[in-house]
Amino acid sequence: MNRPDRKPQTPNFSSGPCAKRPGYDVAKLDLSALGRSHRSSLGKKLLGACCSETARILGLPAGYRVAVVPASDTGAVEMAMWSLLGVRPVDMLAWESFGSGWVTDVMKQLKLKDARKLEAGYGDIVDLAQVDFSHDVVFTWNGTTSGVRVPNGDWIPDSREGLTICDATSAVFAMELPWNKLDVVTYSWQKVLGGEGGHGMLILGPRAVERLESYAPPWPLPKIFRMTSGGKLNEGLFKGETINTPSMLCVADYLDALQWCESVGGVKGTIARSQANLKVVEDFVAATPWIDFLAKTPATRSNTSVCLSLDLPEDKVKALAKLLEAEGVAYDIGSYKDAPPGIRIWCGATVERSDLEALMPWLAWGYEQIK
Ligand SMILES: Cc1ncc(COP(=O)(O)O)c(C=O)c1O
């Protein structure tokens, strides 16, 4: 096979931090708040816009609140679990390493006795019909390290008794989310919109707020997890009054990413871009005998963190990823450290379809060199 002559313009296919949006230019960010207090009226206005613009663009139902919180998606998930869990039994769902991390936290750190774990291996998903919605439920919408997502929200009843706490960091802005079925949703700027790490987004539905205002967990809560004061929700947090100091540079970067999202048709546009990206990989896989999706069923196939298995031993898969990096055609496509050997290609909205189209022949070429 001939060495392909066209390279992706942007070879960034990492699953986080993900590629910057097409046309991104750090010099064009609105940096008016740099060097100013985040509690100045300008700082608060911009942080407030991170919350209100997110709610508007995502089309959140009335009564849903959005906060910028510390420590990226992990911070947002931990904050939710430590603040909300403990009243009811909890079902912990996991089918890859991030979901498993939340299971560990609930069982070994929070030490909840009434915690039930529903787990599946890489490529599979748990039997969603087994979930007990009289319990609280913690799950990951898209398992970033296995490329396995929940197909939809049909398995979540509107009339549930417990809360649903959903880590959707590699899904928000790329997959349709049934907001009314999700009481807590978390994500990070560094994923689908190609923003920066460090800050988490915490979305709370009314039922989560009701829980916060009616229940105080028996364990100590660090200051950076605290969302209530005197049993009342700290409403300021959901208007941009962050608990501690955020990076105003990252805030500017996120607001720029939101504007870009609008420019491509809002969340419908970013979802469509991601699906079109997945289609490029699907077509390649369909035509290529030595590669397949790690996700066992198409309905659970991620359209962001696309994980692929190859008929090569682990050292050769690693060599392939290295070769493509050295050629400058694909960076960071090796599978996650705890996942089975393979490659993972980010197909979120900030990746250009033309770059994936350019990458596929290189994959085929690289495979032949390595094999
Ligand atoms: C599903 C999932 N949860 C949590 C995280 C951790 O995110 P962060 O590093 O933004 O805290 C990631 C990161 O890739 C993830 O994919």
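What you see is a predicted model, and the numbers here were worked out from it, not measured in a lab.

(A) Seen up close, the sheet that holds strand E13 (residues 305-310). The strand order across the open sheet formed by 3 strands is E12-E13-E14, and the pairing between neighbours is antiparallel. Of all the strands in the sheet, just strand E12 (291-293) and strand E14 (343-346) have a single pairing partner and so form its edges. Within this sheet the neighbouring strands show an average axis-to-axis angle of 35°, counted without direction. Packing of helix H6 (residues 266-286) onto the sheet brings it into contact with E12 and E13, and relative to E12 it is tilted by some 135°.

(B) Quick look at the site of the ligand. The immediate surroundings of the ligand are formed by 14 residues, with Ser-72, Thr-74, Thr-144, Asp-167 and Lys-191 found nearest. Side-chain polar atom of Ser-72 to an oxygen atom of the ligand: 2.6 Å apart, as the coordinates give it. For the ligand, whose free accessible area comes to 400 Å², the fraction covered by protein is 86%. Taking a 2 Å distance to the grid points as the criterion, the majority of the atoms of the ligand fall inside the largest pocket. Secondary-structure elements contributing two or more residues to the shell around the ligand are helix H2 (72-84) and helix H3 (97-109). For the shell around the ligand, the element with the most residues is H2, which contributes 3 residues. Within the shell around the ligand, the residues separate by chemical class into 3 nonpolar, 8 polar and 3 charged.

(C) Structural view of empty space enclosed by the protein. On inspection of all chains with the given rule, the structure shows 3 cavities of 30 Å³ or more. In this structure, the largest cavity spans a volume of roughly 50 Å³. Considering the residues around the largest cavity, the lining is formed by Thr-145, Leu-294, Cys-307, Leu-308, Ser-309, Ser-335, Ala-339, Pro-340, Pro-341, Gly-342 and Ile-343.

(D) A look at the layout of surface pockets. Each pocket or cavity is described by its volume, and for the largest pocket that value is around 250 Å³. The wall of the largest pocket is formed by 18 residues, among which Phe-98, Thr-144, Thr-169, Gln-190 and Lys-191 lie closest to the centre. Broken down by element, the lining of the largest pocket gets its largest block of residues, 3 residues, from H2.

(E) Structural context of the packing of aromatic side chains. Scanning the entire structure with this criterion turns up 11 aromatic pairs. Where Trp-82 meets Trp-219, the ring centres are 6.4 Å apart and the plane angle is 80°; that geometry is what we call edge-to-face. One end of the pair, Trp-82, is in helix H2; the other, Trp-219, is in the loop between helix H4 (206-214) and strand E10 (228-229), and 137 residues separate them in sequence. Just as Trp-82 is buried, Trp-219 falls in that class too.

(F) Fine view of the nonpolar core. Ranked by internal contacts, the top residues of the largest apolar core, which has 94 residues, are Leu-93, Phe-139, Trp-141, Phe-173, Leu-308 and Ile-345. Once residues lying within four places of it in the same chain are set aside, the contact partners of Leu-308 are Val-281, Val-285, Ile-291, Asp-292, Phe-293, Leu-294, Gly-342, Ile-343 and Ile-345. Among the nonpolar cores identified, the runner-up in size contains 36 residues, and Ala-76, Val-90, Ala-115 and Leu-233 belong to it.

(G) Here's a closer look at the sheet that holds strand E8 (residues 184-188). Here 7 strands make up an open sheet; going across it, the order is E1-E9-E8-E7-E4-E2-E3 and the pairing mixed. Every interior strand has two partners, whereas the edge strands, strand E1 (65-70) and strand E3 (115-119), have only one. Sheet twist, expressed as the mean angle between neighbouring strand axes with direction ignored, is 20°. Sheet analysis places strand E2 (residues 90-94) next to E3, joined by 5 bridges and oriented parallel. By the bridge assignment for E3, Leu-93 is matched with Leu-118. The sheet strands contacting H3 are E2, E3, strand E4 (136-140) and strand E7 (164-167), and the helix crosses E2 at an angle near 150°.

(H) Region of interest: the pattern of salt bridges. Taken as a whole, this structure holds 22 salt bridges when the rule is applied. When the shortest N-O distance is used, the salt bridge between Lys-296 and Asp-124 registers 3.2 Å. Residue Lys-296 is located in the loop between E12 and E13, and its partner Asp-124 is located in the loop between E3 and E4; the two are separated by 172 residues in the primary sequence. Classification of Asp-124 as partly exposed rests on a relative accessible area of 32%. Where Lys-279 meets Asp-283, a salt bridge forms, and the shortest distance between an N and an O atom there is 3.0 Å. Here Lys-279 and its partner Asp-283 are both found in helix H6, 4 residues apart, which amounts to about one turn of the helix. Using a relative accessible area of 43% as the deciding quantity, one classes Lys-279 as partly exposed. Linked through salt bridges whose partners overlap, the residues forming this network are Lys-20, Glu-196 and Asp-253.

Cut-offs and rules
- Residues numbered from 1 in each chain as written.
- Predicted model: local features only at pLDDT ≥ 70, side-chain atom pairs only at ≥ 80, totals over all residues.
- Heavy atoms only, no water.
- Pairing = 2+ DSSP bridges.
- Helix = DSSP H or I, 4+ residues; strand = E, 2+ residues; numbered from the N terminus.
- Axes fitted to C-alpha atoms, helices over the stretch in contact; angles between N-to-C directions.
- Contact = heavy atoms within 4.5 Å.
- Near = heavy atom within 4 Å.
- Polar contact = N/O pair within 3.5 Å; in protein donor to acceptor, adjacent residues only side chain to side chain.
- Areas by Shrake-Rupley, 256 points an atom, 1.4 Å probe, with all protein chains shown as cover.
- 1 Å grid on protein atoms, 1.4 Å probe; cavity = no way out; pocket = protein on both sides within 12 Å on 5 of 7 lines; lining within 4 Å.
- Sits in = over half its atoms within 2 Å of the grid points.
- Nonpolar A, V, L, I, M, F, W, Y, C, P; charged D, E, K, R; others polar.
- Points joined across faces, edges and corners; volume = space filled by probe spheres on them.
- Phe/Tyr/Trp six-rings, centres within 6.5 Å; stacked < 30°, edge-to-face > 60°.
- Buried < 20%, exposed > 50% of the residue type's maximum accessible area, 1.4 Å probe, protein only.
- Core = buried A, V, L, I, M, F, W, Y, C linked by side-chain atoms within 4.5 Å.
- Salt bridge = Lys/Arg side-chain N within 4 Å of Asp/Glu carboxyl O.

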